Amino acid sequence: MATKSLKARQKDLAKTNKQLEILNGGIFAEGELPYFKDKLANIGNFPLRPKKMEILQINVGYMCNQVCEHCHVDAGPDRKEIMTRETMEQCLDVIRNTGAHTLDLTGGAPEMNPNFRWFVEEAAKAGIQDFIVRSNLTIIRANKKYYDLPKFFKKHNVHVVSSMPHYTRGKTDKQRGDGVFDKSIRALQELNAVGYGMPGQDLRLDLVYNPSGAYLPGDQAALEKDFKKALDEDFGIQFHNLFAITNLPISRFLDYLIASENYEDYMYALVEAYNSEAVENVMCTNTISVSWDGWLYDCDFNQMLGLKVASKIKHIKDYNEDILNDRNIIISQHCYGCTAGAGSSCQGTVI
Amino acid sequence: MANTYYDAADLRKFGKITEWSEELGNKFFEYYGKVFEEGALSAREKSLIALAVAHVVKCPYCIDAYTKDGLQRGITKEEMMEAVHAGAAIESGATLVHGVQMMNKYNKLSM
């Protein structure tokens, strides 16, 4: 398992233009598989347009304590892209005035941003209905300074969404690194101990499952049932919902697909599973993604591909929801990842 | 023309069998889909049965398909291998139970 990001390893696929070349070329350019825009055109949805803005997702930096094999951010300890306090101030101005009902902080490991706690405290004051922090769990056990995170989250009524690839040690550690499973279990128990994830309780704890390999996630409800049973029986752990998220063919997951000679089969599987009903609710139609340096994107995936919003408003300092909402969403073949089967988003399936 | 009898990429083309016999092809795929829906047995249990049978009938396409299906359902490799053994045990049992016929014949022919 790699211990450095693609960027630190100076791999070709760390470059967004190389990734886009692959996504736009090969089996798509040769006509073996249809372009995503043609699929949208078939149902009268091209160009794809936003609906009501509901989710403001802010990526506070690409630094992470883990180097997961499938990471679409290419995050890792060597990534130095971290949101500054100045950009956070600009974000707070937007958070105070947005019509969005959900604020979603992500990374990297967002907790590693030195201004993370201040930012959460300030953002919580804005009284947004659902305030999510995407925590990888192991960060809570990575260093003493993070041990009190469960209490900190509770104090600000943060909705914790955490990655958990499987309820068995082997699969988890293979995707995320040795020891990740045990640390994640410990972190979940600590979140439970302060009241997170308990049935009927308001302190929300949801888990994110994404496949540890070149296959699509199965039925979300069935997986949730299996996770709940196994985590409760083996470790006494409770959580609310499981979000099954499809791995999109970008960044480290794309690198893995190509290196393991699974790329074509995976793209075939995504295109075969294309579901026009999922198009109606893809997350780019109700989300704006903000990068560590304040640029705006249709989603976190487009952010990682360097595809800024097609609007005259491109930066958080100029944010204007009405102007932004009047834009065409930028798409490429990675978008098939969000329309496969029951669809996929940062909130799990979409239909 | 491929120079092997089996080509993994042919699995993607399975649906094309309908092109040369539409009615039968459609009926087959409709039946196939129905069989693997949740029923008295869960879809998960049926996936493991399919994996075991795939090995017994030695269908490389089916093995690929149901290994992937199992992964998608969160089925562990230990469960998959046990299913393969269940298939193998029945298959070897089917061979060995013929040993009784051999014994019967031996005894009948012997004084």
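Parameters and conventions
- Residues numbered from 1 in each chain as written.
- Chains lettered and ligands numbered in written order.
- Predicted model: local features only at pLDDT ≥ 70, side-chain atom pairs only at ≥ 80, totals over all residues.
- Heavy atoms only, no water.
- Helix = DSSP H or I, 4+ residues; strand = E, 2+ residues; numbered from the N terminus.
- Buried < 20%, exposed > 50% of the residue type's maximum accessible area, 1.4 Å probe, protein only.
- Areas by Shrake-Rupley, 256 points an atom, 1.4 Å probe, with all protein chains shown as cover.
- Lys, Arg positive; Asp, Glu negative; His and termini not counted.
- Salt bridge = Lys/Arg side-chain N within 4 Å of Asp/Glu carboxyl O.
- Contact = heavy atoms within 4.5 Å.
- UniProt positions renumbered as here; feature names shortened; annotations may be inferred.
- Core = buried A, V, L, I, M, F, W, Y, C linked by side-chain atoms within 4.5 Å.
- Arc of directions from axis to C-beta.
- Phe/Tyr/Trp six-rings, centres within 6.5 Å; stacked < 30°, edge-to-face > 60°.
- Lys NZ or Arg CZ within 6 Å of the ring centre and 35° of its normal.

Chemist: Is there a simple way to think about the overall build of chain A in this case?
Modeler: Along the backbone of chain A there are 15 helices and eight strands. Across the 351 residues of chain A, 60% fall into the buried class. Carbon together with sulfur atoms contributes 47% to the accessible area of chain A, which is approximately 14200 Å² in total.

Chemist: Would you take a moment to explain the side chain of A:Glu111 for this structure?
Modeler: Residue and element names in this part refer to chain A. Structurally, glutamate 111 is set in the loop between strand E2 (102-106) and helix H5 (116-125). In this structure, glutamate 111 is buried with no salt-bridge partner, the nearest side chain bearing the opposite charge being arginine 117 at 8.6 Å. Aside from chain neighbours lying at most four places away, what touches glutamate 111 is Phe116, Val133, Ser135, Ile139, Tyr146, Leu149 and Phe153.

Chemist: So what exactly am I meant to see when it comes to the UniProt feature "domain: Radical SAM core" (unreviewed entry) in chain A here?
Modeler: What UniProt calls "domain: Radical SAM core" (unreviewed entry) maps, in this numbering, to residues 48-281 of chain A. Helix and strand shares over residues 48-281 of chain A are 41% and 12% respectively, and the end C-alpha atoms of the span are 11 Å apart.

Chemist: What exactly am I supposed to notice about the nonpolar core here?
Modeler: For soluble globular proteins, the rule of thumb is that nonpolar side chains tend to be buried together. A:Leu56, A:Ile58, A:Ile95, A:Phe119 and A:Phe153 are the most contacted members of the largest nonpolar core, which has 108 residues in total. Take this core: its biggest share by element is seven residues, from helix H12 (residues 263-272) of chain A. Membership of the second largest hydrophobic core comes to nine residues, among which are B:Leu48, B:Ala50, B:Ala52 and B:Ile75.

Chemist: Would you mind going over the UniProt feature "domain: Carboxymuconolactone decarboxylase-like" (unreviewed entry) in chain B with me for this structure?
Modeler: Here the UniProt feature "domain: Carboxymuconolactone decarboxylase-like" (unreviewed entry) sits at residues 23-101 of chain B. This span, residues 23-101 of chain B, is 81% helix and 0% strand, and a straight line between its end C-alpha atoms measures 43 Å.

Chemist: What is the right way to look at helix H1 (residues 16-24) of chain A in this model?
Modeler: Each full turn of the α-helix corresponds to 3.6 residues, which orients residues three or four apart in the same direction. Residue and element names in this part refer to chain A. Turning to H1, its buried residues number three or more, namely Gln19, Leu20 and Leu23. With its buried residues spanning 95 degrees around the axis, H1 presents them on a single face. In this fold, the buried residues of H1 make contact with helix H2 (26-29), helix H11 (251-259) and H12.

Chemist: Mind showing me how you'd approach the environment of A:Pro34 here?
Modeler: Residue and element names in this part refer to chain A. By the secondary structure assignment, proline 34 is in the loop between H2 and helix H3 (36-42). Judged by relative accessible area, proline 34 falls into the partly exposed class, the value being 31%. Beyond its immediate stretch of four places on either side in the chain, proline 34 contacts Phe28, Lys39, Val271 and Tyr336.

Chemist: Just checking my understanding: could you explain the packing of aromatic side chains for this structure?
Modeler: For any two aromatic rings, the description comes down to two numbers: the centre-to-centre distance and the angle of the planes. Tallied over the entire structure, the rule returns 20 aromatic pairs over all chains. Ring geometry for B:Tyr6 versus B:Tyr61: centroids 5.5 Å apart, planes at 70 degrees, classification edge-to-face. Highlighted residues: B:Tyr6 in the segment before helix H1 (22-35) and B:Tyr61 in helix H3 (residues 60-72), separated in sequence by 55 residues. Three or more aromatic residues link up through ring pairs in this structure, and these residues are B:Phe14, B:Phe28, B:Phe29, B:Tyr32, B:Phe36 and B:Tyr66. Note that A:Lys228 overlies the ring of A:Phe239, its terminal NZ or CZ placed 5.3 Å from the centroid.

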